[in-house]
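# Descriptive analysis of the structure
This is what each chain is made of:
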There are 2 protein chains.
Amino acid sequence: MLKLSKKSEYALMALQSLGNLAAGERIAVPMLAEQRGIPKDLLAKVMQQLKRAGLVHSSQGVSGGYALARPLTAITFLDAVGPFEEALGLAPCVDRNSEGCDRADCCSLHDPMEALNRWLMAQLSTLSLAEFVAARPPVVHGCVKAPRQPTSMERRPLPCEA
Amino acid sequence: MLKLSKKSEYALMALQSLGNLAAGERIAVPMLAEQRGIPKDLLAKVMQQLKRAGLVHSSQGVSGGYALARPLTAITFLDAVGPFEEALGLAPCVDRNSEGCDRADCCSLHDPMEALNRWLMAQLSTLSLAEFVAARPPVVHGCVKAPRQPTSMERRPLPCEA
DNA sequence: CGAAACAGGACTGAAATGGTCCGATTTAGG
DNA sequence: CCTAAATCGGACCATTTCAGTCCTGTTTCG
């Protein structure tokens, strides 16, 4: 879970690099690809998708290249990664009433999964790339295993409820 | 992202069903599989893994079956789903210093991803299955798209810091 | 002792993923 | 004007992952 695709990884890398550019400056895919050590052709595709998503601007021609459409503080993690995770979000039967799954019959987990998904998306859309790339792992190590005292999902309110 | 595998889905279903059993009662795989409409053999494997993970108890023999090892309030979402998401957690270069990735060179995203992963795992380990299966999606609809005001990942403190 | 359950390895077909290749279009510079 | 270098974008392929099946044990109740 939350195993991001390579495309997502490359997108994050690229956006980070673009964030280091001076105002008005551009960078071309071949250059970027060599710097980060990623396949040129694949990165090209990623950049195209980022453009379609409106996160970057491009200019064609011999001295063309890419630049951020807005600062990293105004791009969320979900923005960056969403275009590449088509199965964006979740799990079992998102594609609701396709086959079977008449609700409450086979798949009584539809609603919970949708709730969890919504929550996750909301969380990831409150994390800007600027914050993300600056993050360092917490010193705590046994963290994942430790807490065995369940709390409510609602205790961390969704941003839109505020 | 967060696209759970079928096994995870089946595990959640099975655990939910097991939660509805009377104390001391068991249910066999063939029965369970038919009730929820999932392939018998696959479910069998899932149950085996759940047993290895210590979430359920099994008894063999002709009237054997499975039962919860502890109540749903004491099983977290991460517990249930973890065993089936080997790529549990995250993304690009978790397998740290395997090839390349000498840190800060190609993959300056290693630390941020690890931080994000830790955070997610921590969150999912504070959600009990009891809460999960009872969850309903919030009425708000434009929720995912709405918030464009980035906040810090640290603002939602990790449980282990408390 | 036999039917029915768990236990678990081996295998297969389909789908997704990462990556490559090639052609078309645009555009700066000589 | 013409070429080199860049963005576009479709087609394609190889490898892996995944869902599902099969088959052979082993346990245990009646």
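In short, a report on the structure.

The rules behind these values
Each chain carries its own residue numbering, running from 1 in the written order of its sequence. Chain A is the first chain written and ligand 1 is the first ligand written, with later ones labelled in order. Two thresholds apply to this predicted model, a pLDDT of at least 70 for residue-level local features and 80 or more for giving and counting side-chain atom pairs, whereas whole-chain, interface and lining totals are computed over all residues. Calculation of side-chain values draws on the structure's entire complement of heavy atoms; hydrogens and water are dropped beforehand. If even one non-hydrogen atom of a residue comes within 4 Å of a molecule or strand, that residue is called near it. A 3.5 Å cut-off defines polar contacts: any pair of N or O atoms within that distance qualifies, except that in protein one atom must be a possible hydrogen donor and the other a possible acceptor, and neighbouring residues in sequence count only when both atoms are side-chain atoms. Numbering goes from the N terminus for both helices and strands, where a helix is a DSSP run of H or I of at least four residues and a strand is a run of E of at least two. Side-chain classes follow a simple rule in which Ala, Val, Leu, Ile, Met, Phe, Trp, Tyr, Cys and Pro form the nonpolar group, Asp, Glu, Lys and Arg form the charged group, and the remainder, Gly included, forms the polar group. Any Phe, Tyr or Trp ring, taking Trp's six-membered ring, that has another such ring centre within 6.5 Å forms a pair; planes under 30 degrees apart are called stacked, those over 60 apart edge-to-face, and the others tilted. With a 1.4 Å probe rolled over the protein chains alone, any residue whose accessible area is under 20% of its type maximum counts as buried; one over 50% counts as exposed, and the rest are partly exposed. What the arc covers is the set of directions going from the helix axis to the C-beta atoms. The contact criterion used is simple: two residues touch if any of their non-hydrogen atoms lie within 4.5 Å. Any carboxyl oxygen of Asp or Glu within 4 Å of a side-chain nitrogen of Lys or Arg constitutes a salt bridge here.

Here the focus is the protein's contact with DNA strand D. Contacts to DNA strand D come from 26 residues, most closely from Lys45, Ser58 and Tyr66 of chain A together with Lys6 and Gln60 of chain B. Close to the protein, within 4 Å, the atoms of DNA strand D are drawn from sugar and phosphate at a rate of 73%. Between DNA strand D and the protein, one listed contact pairs a base oxygen with a side-chain N or O atom of Lys45 of chain B at 2.9 Å. Contact distances for DNA strand D include 3.4 Å between a base oxygen and a backbone N or O atom of Val62 of chain B. Top element by residues in the surface near DNA strand D is helix H3 (residues 40-52) of chain A. It accounts for four residues. Of the residues belonging to the surface near DNA strand D, the class tally is nine nonpolar, 10 polar and seven charged.

Counted by the stated rule, this structure contains three aromatic pairs over all chains. Arranged with centres 4.9 Å apart and planes meeting at 65°, the rings of Phe77 of chain A and Phe132 of chain A form a pair that is edge-to-face. In this pair, Phe77 of chain A sits in helix H4 (residues 77-81) while Phe132 of chain A sits in helix H6 (residues 129-134), placing the two residues 55 residues apart along the sequence. Each member of the pair Phe77 of chain A and Phe132 of chain A is classed as buried. Relative to Trp119 of chain B, the ring of Trp119 of chain A has its centre 6.1 Å away and its plane inclined at 15°; by these criteria the two rings are stacked.

This part takes up helix H2 (residues 29-36) of chain B. All names here are of chain B. For H2, the complete set of buried residues consists of Val29, Leu32, Ala33 and Arg36. Burial along H2 is one-sided: seen end-on, the buried residues are contained in an arc of 100°. Turning to H2, the residues buried within the fold contact helix H1 (6-19), helix H3 (40-52) and strand E2 (65-68). At the exit of H2 stands Gly37, carrying a positive phi of roughly 70°.

On to the protein's contact with DNA strand C, then. The local shell around DNA strand C holds 27 residues, among which Lys6 and Gln60 of chain A together with Lys45, Ser58 and Tyr66 of chain B are the closest. Close to the protein, within 4 Å, the atoms of DNA strand C belong to sugar or phosphate groups at a rate of 73%. Here a base oxygen of DNA strand C sits 2.9 Å away from a polar atom, N or O, in the side chain of Lys45 of chain A. For DNA strand C, a phosphate oxygen lies 2.4 Å from a polar atom in the side chain of Tyr66 of chain B. The element contributing the most residues to the surface near DNA strand C is H3 of chain B, with four residues. Looking at the surface near DNA strand C, its residues break down into nine nonpolar, 11 polar and seven charged.

Here the focus is the pattern of salt bridges. Here the structure, examined in full by the defined rule, presents 10 salt bridges over all chains. Taking the shortest distance from any N to any O, the salt bridge between Lys6 of chain A and Glu9 of chain A comes out at 3.5 Å. Of this pair, Lys6 of chain A and Glu9 of chain A both sit in helix H1 (residues 6-19), three residues apart, which is roughly one turn of the helix. Looking at Lys6 of chain A, the relative accessible area reads 48%, which means it is partly exposed. In this structure Glu9 of chain A comes out as buried when scored by relative accessible area, which is 7%. Note that Arg118 of chain B and Glu114 of chain B form a salt bridge whose closest N and O atoms lie 2.8 Å from each other.

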